[in-house]
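Geometric and topological summary
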Amino acid sequence: MLPFDEVLETFKIQCVASLGGRLNQHWLVSLNNERLVLRRWASGTKLEEIEYEVNLLKAVAGLGWPAAALVDGPIQAGEYVWGLFPFLEGEPPHVLDPAAEQRARGRLMARFHDDMRKLNGIGQRKGWRRCEEVLVDCEIDRLLAENEPKRPEEIRVLRWHLERARQRVEGLNLHSRPGIVIHGDFAPWNLRYQEAKLTGILDFELAHWDHRVGEFALSWRGKYDEIVHGYNEEAPLEPEEWELITPLWWAGLIDLACRHLKEGTHDDGWIMKKLLERSPLMGPDAKAYRG
């Protein structure tokens, strides 16, 4: 019997349809006529990572937000770990007016963060770090120097943004700034609505402890300014936080690029494209890259 069949039998569920997924895979399943979601975590996902996410989902749901707290599992079957979750009804928001959607999502994000401050005992996800740790990592400088002969233009872009990010955070005392657990990808495709009511927040795969403006990284993406303005309407940002938005975004991209350098791999150009995005919110760096 295949592991998938074993899993269905273990949970006493029936498979209805595949829901797909980027890294983790999902299936719509049925248990006593109730719709649930079966998740298979990506191969190699460590149990401590799974426990972090499972505990976080339970805590978020406990705060009253529509997060899918684990129903059963996790269990090991073959090389994979599986879990059973609620099926969250609804559809992603209809984006007829992108600016209005972004501003509304920014306000929602601020309210979500206000509750996330109440969480205790979640801490940092293993393998993650805040931007101040990234920017002082000498390993980054070594990787850039080693790879410069092979990838000169790419390294030139990375080094310029690294040095500029380091300059911009000087004197901000980032280690002493408070943090919260952020969702990590507060994007329209990870939200569900029914009759204008929020019914689901999906995909906590990137959730981790960070500065609250760390949430802007994959929401703002260097160009969707209305996200930040909407957030600021609901929860005003401090001057240091406005200054931190850009170097934090760049630090995350540089860290990701260095993982590729370390492993000898290439991304599809997304990192370079995002590093070169420019927005008025970048202040003195709002103009194009000057490498």
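Rules used throughout
- Residues numbered from 1 in each chain as written.
- Predicted model: local features only at pLDDT ≥ 70, side-chain atom pairs only at ≥ 80, totals over all residues.
- Heavy atoms only, no water.
- Axes fitted to C-alpha atoms, helices over the stretch in contact; angles between N-to-C directions.
- Helix = DSSP H or I, 4+ residues; strand = E, 2+ residues; numbered from the N terminus.
- Parallel < 35°, antiparallel > 145°, perpendicular 65-115°, else oblique.
- Left-handed = near helix turned anticlockwise from the far one by under 90°.
- Contact = heavy atoms within 4.5 Å.
- Nonpolar A, V, L, I, M, F, W, Y, C, P; charged D, E, K, R; others polar.
- Buried < 20%, exposed > 50% of the residue type's maximum accessible area, 1.4 Å probe, protein only.
- Core = buried A, V, L, I, M, F, W, Y, C linked by side-chain atoms within 4.5 Å.
- Pairing = 2+ DSSP bridges.

Comments concerning the packing of helix α3 (residues 98–116) against helix α8 (residues 225–234)
- Contact geometry for α3 and α8: axes closest at 7 Å, N-to-C directions at 45°. By the angle class used here, α3 and α8 are oblique. The interaxial crossing formed by α3 with α8 has right-handed handedness. Along the contact surface, α3 presents A99, Q102, R103, R105, G106, R107, M109, A110, R111 and H113, while α8 presents D225, E226, I227, H229, G230, Y231, E233 and E234.
- A per-class count over the contact of α3 with α8 returns 5 nonpolar, 5 polar and 8 charged.

Here we look at α8
- Listing the buried residues of α8 in full gives D225, I227, V228, G230 and Y231.
- Considering only its buried residues, α8 is in contact with α3, α7 (217–220) and α9 (239–263).

Things to note about the packing of helix α6 (residues 152–169) against α9
- Taken N-terminus to C-terminus, the directions of α6 and α9 make an angle of 145°; their axes are 9 Å apart at the nearest point. Between α6 and α9 lies a crossing whose hand is left-handed. Across the interface between the two elements, E154, I155, L158, W160, H161, L162, R164, A165, R168 and V169 of α6 pack against E243, L244, T246, P247, W250, I254, A257 and L261 of α9.
- For the contact of α6 with α9, a count of residues per class yields 12 nonpolar, 2 polar and 4 charged.

Description of the nonpolar core
- Formed by 69 residues in total, the largest nonpolar core has its most connected members in L56, L158, F204 and F216.
- When residues in this core are grouped by element, the largest group, 11 residues, is from α9.
- Ignoring any residue separated from it by four or fewer positions in sequence, one finds L56 in contact with M116, L119, I122, V181, F204 and A207.
- Among the nonpolar cores identified, the runner-up in size contains 11 residues, and V7, I13, L36 and A77 belong to it.

Quick word on the environment of R159
- Mapped onto the fold, R159 is located in helix α6.
- You can call R159 partly exposed: its relative accessible area is 24%.
- Each C-alpha atom of the pair R159 and G230 lies 32 Å from the other, and the pair is 71 residues apart in sequence.
- When residues no more than four places from it in sequence are discounted, the contact partners of R159 are L144, A145 and E148.

As for the pairing of strand β8 (residues 197–201)
- Buried residues dominate β8, accounting for 4 of its 5 residues.
- Where strand β7 (residues 191–194) meets β8, 4 bridges bridge the pair, whose relative direction is antiparallel. Each bridged residue has a counterpart across the sheet, and for L191 the counterpart in β8 is I201.

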